[in-house]
Amino acid sequence: MSDYKIFRTIYISKLDRFLYIYQGDVLCFWRANMQKAWFYEEYGSKEVLKLGDFPLPTPHHNQIIVQVRAAALNPIDFKRRQRPIFPSDFPVVPGCDMAGVVVAKGTGVTKFDLGDAVYGNIQDFNAPGKLKQLGTLAEFIVVEETLVAMKPQNLSFEEAASLPLAVQTAIEGFVTADFKEGQTIFIVGGAGGVGTLVVQLAKHFYNASYVVATCSSPKVEFVKKLGADKVIDYTNTKYEEIEEKFDFLYDTIGDCKNSFVVAKDEAPIIDITWPPSHPRAVYSSLTVSGENLEMLRPYLENGKLKAIIDPTGPYAFTDVIEAFRYLETGRARGKVVIASFPTENAPPYVSRELGSNQMPQRVALGTSVC
Ligand SMILES: NC(=O)c1ccc[n+]([C@@H]2O[C@H](COP(=O)([O-])OP(=O)(O)OC[C@H]3O[C@@H](n4cnc5c(N)ncnc54)[C@H](OP(=O)(O)O)[C@@H]3O)[C@@H](O)[C@H]2O)c1
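As the structure is a prediction and not an experimental result, all values here were calculated from the model.

1. Here's the deal with the site of the ligand
At step 1: The immediate surroundings of the ligand are formed by 26 residues, with Lys79, Ser216, Lys219, Tyr234 and Ala332 found nearest.
At step 2: Lysine 79 is positioned such that a nitrogen or oxygen atom in its side chain is 2.6 Å from an oxygen atom of the ligand.
At step 3: Contact between the ligand and tyrosine 234: an oxygen atom at 2.4 Å from a side-chain N or O atom of the residue.
At step 4: Alone, the ligand offers 920 Å² of accessible surface; in the complex the protein occludes 86% of this.
At step 5: Among the elements of the structure, helix H1 (75-82), helix H3 (164-176) and strand E12 (210-215) are those that each provide at least two residues to the shell around the ligand.

Okay, structure coming up:
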């Protein structure tokens, strides 16, 4: 606040939680230092989720604050809510994926400027210590600049938010298996959040010579359109009935105890669920970084790689519980996305760089000439 020399009038609107400050003839809108966020304070079903006021985050020197415009849900968000699989302190704001706009940054941030549209998975599961308490189902989040990337301009915020965790997982499976161009691949579960990206990456990024994927009857055409050369309806075909054998078996649903029969004798088998259900299967997790998102930028920009948003969404920010209910059915087609964040229609913000020990007591959201 010390930057501002002339304060003629200060008052806080109780209606919209904005603080209005006259600077000369300019009215600045400053938002009070609380935000809306979904959170839970105990493990349990989706009913433990509450929408309430939550403190605004503060950035350290290598961190940015992002005004979230869209977020995506992943199974880890409800698994983490159901039981203590990752060390975390309550209250927890769920959500890993987001796309939004940079509104404040620490002094050590070099990759991003205020106003940049960015996207990323803000939870680095491999980092030591606890996961962030403040996930992406909040109006503002704090994240290290290394974990995010510039949003490709041709993607909407909703499309960008749908990608990070799922695509980082999808890539890691190919890396772990040391997949080579021209090899054949069998994908168990081609229609889910991760599976839709595995199919597309196999065809358009890793140049597999033959891509076969499984899904249920209503989704066969959908998975073909993603690039699969052949789609197997698992409701009427057993793995044992498939005569071909594949160079790589990529199982996204944890069915390796049955699906392993389609893999060639020495072929890698990747399982992204824990624990892998067959002795030959190797568990693959994800590398959370902005770099792997940057690597995909040309493929996202030329449309070879598409963000797939489940047609029941995007869900409104106020409908997060319904969005979780749907994801937890295990029938999602692509990604379950949350949009319409409360601040979405706020006026353009003004902000400033923050030193490592400066607390952003208020995040400025806009100015208007009186
Ligand atoms: N290791 C990691 O780092 C990591 C990262 C992300 C996710 N995961 C895990 O990977 C799993 C998948 O994640 P996700 O985000 O893709 O989940 P998701 O979007 O909820 O997956 C839903 C999809 O699974 C398909 N499916 C269900 N049973 C199937 C079956 N028997 N055969 C073929 N497809 C089937 C469904 O298709 P139908 O309706 O056609 O059956 C649906 O489209 C989850 O367990 C998640 O926790 C692990």
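After presenting the structure, the write-up continues.
2. Describing the pairing of strand E6 (residues 63-73)
At step 1: In terms of burial, E6 is a largely internal element, ten of the eleven residues being buried.
At step 2: Summarising the sheet, E6 and strand E9 (residues 140-144) pair through five bridges and their orientation is antiparallel. Each residue of the ladder has a partner; that of isoleucine 64, found in E9, is valine 143.
At step 3: Where E6 meets strand E7 (residues 97-106), eight bridges bridge the pair, whose relative direction is antiparallel. Note on E7: the bridge partner recorded for glutamine 67 is valine 101.
At step 4: Sheet topology places E6 next to strand E18 (residues 336-339); three bridges connect them, and they run antiparallel. Across the sheet, leucine 73 pairs through a bridge with valine 336, a residue of E18.

Cut-offs applied
Residues numbered from 1 in each chain as written. Predicted model: local features only at pLDDT ≥ 70, side-chain atom pairs only at ≥ 80, totals over all residues. Heavy atoms only, no water. Near = heavy atom within 4 Å. Polar contact = N/O pair within 3.5 Å; in protein donor to acceptor, adjacent residues only side chain to side chain. Areas by Shrake-Rupley, 256 points an atom, 1.4 Å probe, with all protein chains shown as cover. Helix = DSSP H or I, 4+ residues; strand = E, 2+ residues; numbered from the N terminus. Buried < 20%, exposed > 50% of the residue type's maximum accessible area, 1.4 Å probe, protein only. Pairing = 2+ DSSP bridges.

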